[in-house]
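A closer look at the structure
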Amino acid sequence: MPGRFGGRRSLALSVSVCLGLAALGSLTPQASAGPAVSAPAAASAASAASAASAASAASAASAFGPLPGRHRPDDDRIAAETRPDEVASLGAEHAREHAERRLAARDTKVYPQTARTSGLETLRTSQAQANARLDAARSGRFTAFFPSPDFGVHVAQLPTGKVLLFSFERVEVNPTKETGPTDRIGRTNAGRAFLWDPARGTGAGAFKKVEPPTVLMPDGLHVPRPAPFFCAGHAFLPNGMVGVFGGNVGGKGGSGAKLSFVFDPWTELWYRNRDMSVGRWYPSVVTGPDGRQIIVSGQSERGTGTPTPVVERFPALRHPVPWRPYDIPLDLASERFRSDAPFRNDYPHLFSLRDGKIYGLGRDADQQWLFDLATEARTDLPRRPADFRGYGSAVPLPAGFRGPDSVLVLGGDPRDPNTYRLSGGAWSTEEPRAFGRTQDDTLILPDGTLLTVNGALATRDYGYGPFNPKADLKYRQTELRDARGHWRLGPAQRLPRGYHSNALVMPDGRVMVTGDELQQIANDPDIRDRMDGSIEIYEPPYLHQGGPRPVLDQVPGGELAYDAEFRVRSSTASRVRRAVLLAPTTVTHAVNTSQRHLELRFTEAPGSGSGGSIGLRTPPGAADAPPGYYMLFLLDAKGVPSTAKWVKLGRR
């Protein structure tokens, strides 16, 4: 029955298809409401449903031979390379994978493995030379670099401690060409997703594939493939799940999909919801104080150059907000917001600030808007001082125990190193960084300082022309902003990472850096394996202050009400001077709408907790901190954080 959660039901859990451009409806039956069943049972049932549907899809479409409607030259190459004996012994899809691998091996002759290996070694050497004189206690340091099975175009720090990475299947191994299936239709236009479990280390065994649902896209071919949800928008729901909206139908320079999914970190499965009213490719999503998500912009199903003005809300007001871990959104609808948002360019920055309103900061200087969730009205904000900005960062600045009331906009223009602050309805020009860059990612760290990683001169241009893997060293340098707003350069990362680069803060206080498929392919230590990407780890200065870190031993289970006292336990309670909440990151294309940093109030003098118990008070209300999961850190007098534990804010 529409309007209720699907619970732990197996019907249409991970396999769904869409019928056509006008109505991208699922071909699977709609799930009906019913009693919840156990999570293990759901996982087992979902796996069975996925396997059965995948087998059905494989039998419905041959892996070789002519495809209906339009097709790409790659389809002919793969069809010619596919071996009937492998189809008979391995199955159509597996045989096709073998054919694709053989073609990729031939293509590597154009950009040989020796070039990739030597490139990576050159980067390793130059990184070591650049960082040799830096003091880790002041600048931090990069410590690990390891392969990943995914490019990391989209990443999310999940409340289970694992990291979700998703993007697309590679269609090109030559980094001087477009490596993604942006303009492709058919089976090569497919998505993929993985989980990285840091607790299991950095080897291949630490990654788990979490295949997106199989879909039929309205591209004229209707070939089943894992959902092409890359270049979608996403944000967290109050129950810790990630809402993912949009994707790429393919063709027309890239066109928007109406797809709507959630990823459930508890069952580690994808669930499909009702399609949006419009297609969206490169949309932005933010979670408001009511726990509902606002979806804005994105190129429509008509193709590149047609950003939609339609704003949608998920779930629709007639549906309850997914609140508990077992409230799985399944077949829920979004609804149209009363006001439109006619952004001329995609991926605007969205923020929910302490006044409970949504701030939409467009890339064009004159498109800065405020959305009232209660009245659904849109009003103008002042014009930003700087002109058009590409993919750059924007961060809601920490504001003590209250929610943020200002945003710092930075990056997006390689000619402009300035940073711009929106506060109190007015813009001001703040202290510049060392140089301008685009495609950068700026994070709030547990101690309230900021870190910028990644960056480039322009899309696919690192300083020596587009699609040239050579990079200017300066774009590999990090920058740090202290509590007084002053910037300084930090250590250089291993890979240049520009377009499609990402970063997030992990619960242990380290920073994960990934993304940029061009550079990952150009510097792949073994292009023949399936570890297409790479991850590097940065340790901020607070992890190099000497001495033991504070310890957070125990936090309350269940939900914490707003403006309420709660207690935590710490074996180092006497050393604790601060307690902070840091919202987990989900980010793509430098758009990170989920970041938030709040200082927690002590109910007694810091360091005076008796018996290892510390009294704290939650933020005042949902506008200060939207409901959901947060990382709770304890910090000492030097700003050194403990390893975080997860708490959930907001009671139904």
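Here, every reference points to the structure presented above.
**Quick word on unusual backbone geometry**
Cis peptide bonds are those with omega within 30 degrees of zero, and the linkage from Phe314 to Pro315 qualifies with -10 degrees. One can find Pro315 in the loop between strand E14 (312–314) and strand E15 (335–336). Even without glycine at this site, Asp331 takes up a positive phi of about 65 degrees. Note on placement: Asp331 falls in the loop between E14 and E15. Accessibility expressed as a relative area gives 13% for Asp331, which makes it buried. The backbone of Gln439 shows a phi angle near 60 degrees, a positive value even though the residue is not glycine. Looking at the element boundaries, Gln439 is found in the loop between strand E23 (426–430) and strand E24 (441–444).

**A short note on the sheet that holds strand E20 (residues 393–396)**
Pairing in this open sheet of 4 strands is antiparallel, and the strands run E20-E21-E22-E23 from one edge to the other. At either end of the open sheet lies a strand with only one pairing partner, and these are E20 and E23. Each neighbouring strand pair of the sheet contributes to a mean axis angle of 20 degrees, computed without reference to strand direction. Looking at chain direction, strand E22 (residues 419–423) and E23 are connected through 5 bridges and run antiparallel. Paired with Thr419 across the two strands is Glu430, which belongs to E23.

**Observations concerning the environment of Thr308**
Among the secondary structure elements, Thr308 is positioned in the loop between strand E13 (293–296) and E14. Distance from Thr308 to Ala341, taken between C-alpha atoms, is 8.1 Å for residues 33 residues apart in sequence. When near neighbours in sequence (up to four residues on either side) are disregarded, Thr308 contacts Val278, Gly279, Arg280, Ser297, Gly298 and Ala341.

**Digging into the environment of Arg170**
Its location among the elements puts Arg170 in the loop between strand E3 (163–168) and strand E4 (191–196). The buried category is assigned to Arg170, whose relative accessible area is 15%. One polar contact links Arg170 to Asp532, side chain to side chain, over a distance of 2.6 Å.

Conventions and cut-offs
Residues numbered from 1 in each chain as written. Predicted model: local features only at pLDDT ≥ 70, side-chain atom pairs only at ≥ 80, totals over all residues. Heavy atoms only, no water. Helix = DSSP H or I, 4+ residues; strand = E, 2+ residues; numbered from the N terminus. Buried < 20%, exposed > 50% of the residue type's maximum accessible area, 1.4 Å probe, protein only. Pairing = 2+ DSSP bridges. Axes fitted to C-alpha atoms, helices over the stretch in contact; angles between N-to-C directions. Contact = heavy atoms within 4.5 Å. Polar contact = N/O pair within 3.5 Å; in protein donor to acceptor, adjacent residues only side chain to side chain.

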